[in-house]
Amino acid sequence: MITIFHNSNCGTSRNTLALIRNSGVEPEVILYLETPPSKEQLKKVISDMSIPVRDVLRQKDTPYDELDLGNAKWSDEQLMDFMMAHPVLINRPIVVTPIGTKLCRPSELVLDILENPQRGAFTKEDGEVVINEKGERV
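Everything numeric here is computed off the predicted structure, so don't read it as measured data. (Residues numbered from 1 in each chain as written. Predicted model: local features only at pLDDT ≥ 70, side-chain atom pairs only at ≥ 80, totals over all residues. Heavy atoms only, no water.)

**A closer look at the side chain of Asn 15**
Piece 1. Looking at where Asn 15 falls in the secondary structure, it is placed in helix 1 (residues 11-22).
Piece 2. Asn 15 has contacts with Ser 107, Phe 122, Lys 124 and Glu 125, leaving out every residue within four places of it along the chain. (Helix = DSSP H or I, 4+ residues; strand = E, 2+ residues; numbered from the N terminus. Contact = heavy atoms within 4.5 Å.)

**A few points about the packing of helix 2 (residues 39-49) against helix 3 (residues 76-85)**
Piece 1. Following both chains from N to C, one finds helix 2 and helix 3 inclined at 120°, their axes separated by 10 Å at the closest point. Relative to helix 3, the element helix 2 is oriented oblique. For helix 2 against helix 3, the interelement crossing comes out right-handed. On helix 3, the residues touching Lys 39, Leu 42, Lys 43 and Ile 46 of helix 2 are Glu 77, Met 80, Asp 81, Met 83 and Met 84.
Piece 2. Grouping the amino acids of the contact of helix 2 with helix 3 by side-chain chemistry returns 5 nonpolar, no polar and 4 charged. (Axes fitted to C-alpha atoms, helices over the stretch in contact; angles between N-to-C directions. Parallel < 35°, antiparallel > 145°, perpendicular 65-115°, else oblique. Left-handed = near helix turned anticlockwise from the far one by under 90°. Nonpolar A, V, L, I, M, F, W, Y, C, P; charged D, E, K, R; others polar.)

**Concerning the nonpolar core**
Piece 1. Counting 22 residues, the largest nonpolar core has Ile 46, Leu 69, Met 83, Leu 89 and Ile 94 as the members making the most contacts within it.
Piece 2. Those elements that place two or more of their residues in this core are helix 2 and helix 3.
Piece 3. In this view, Leu 89 contacts Val 56, Leu 57, Arg 58, Thr 62, Pro 63, Tyr 64, Leu 67, Leu 69, Phe 82 and Met 83; residues no more than four positions away in its chain are not counted.
Piece 4. Listed in part, the 14 residues of the second largest apolar core include Ile 2, Leu 17, Val 110 and Ile 131. (Core = buried A, V, L, I, M, F, W, Y, C linked by side-chain atoms within 4.5 Å. Buried < 20%, exposed > 50% of the residue type's maximum accessible area, 1.4 Å probe, protein only.)

Worth remembering: the numbers are spatial, not functional.
Pasting the structure below:
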C-alpha cells in the first residue's frame, strides 16, 4: 500500500504520482488541501521521515511570511498547529510506502522508497528524462 499526500496543482506532486503509477501501483491519493491529515497523522509522517518539522513547512504561495513562521520562537507543536489551520503550509508531495516515508522534492526521490521497478520510460513535465526505455533511473 502506497499513500501520497497530493496537490494536483503542483507539478512535482503530479510527477511523483506518475512515477508511482509507472511502477504498476495505484496509490491511495489524499488531496490534503481538501482532506488534511489529523495532527496525529502529520506528527507520525514527520517522525517517520526523520526530518525537522520546519522542513515540512512550505513557504512559497502560503501565509508563511505573514504568520512569521521563520521566527525561531515557534515550537514544533505550534508549527504543526499552523499546518492544521492552513494545510497549504504542508509541503508536498509526501509519500508513504512499506519501505519508508519521504518528502519527494524532487519527484524522483520517490524511486528510493518504491518496491516495484519502473515499467518503462518516464519524462517529467518539464522534459527532464528520469527513467530510460529499459525502466532504469537516468
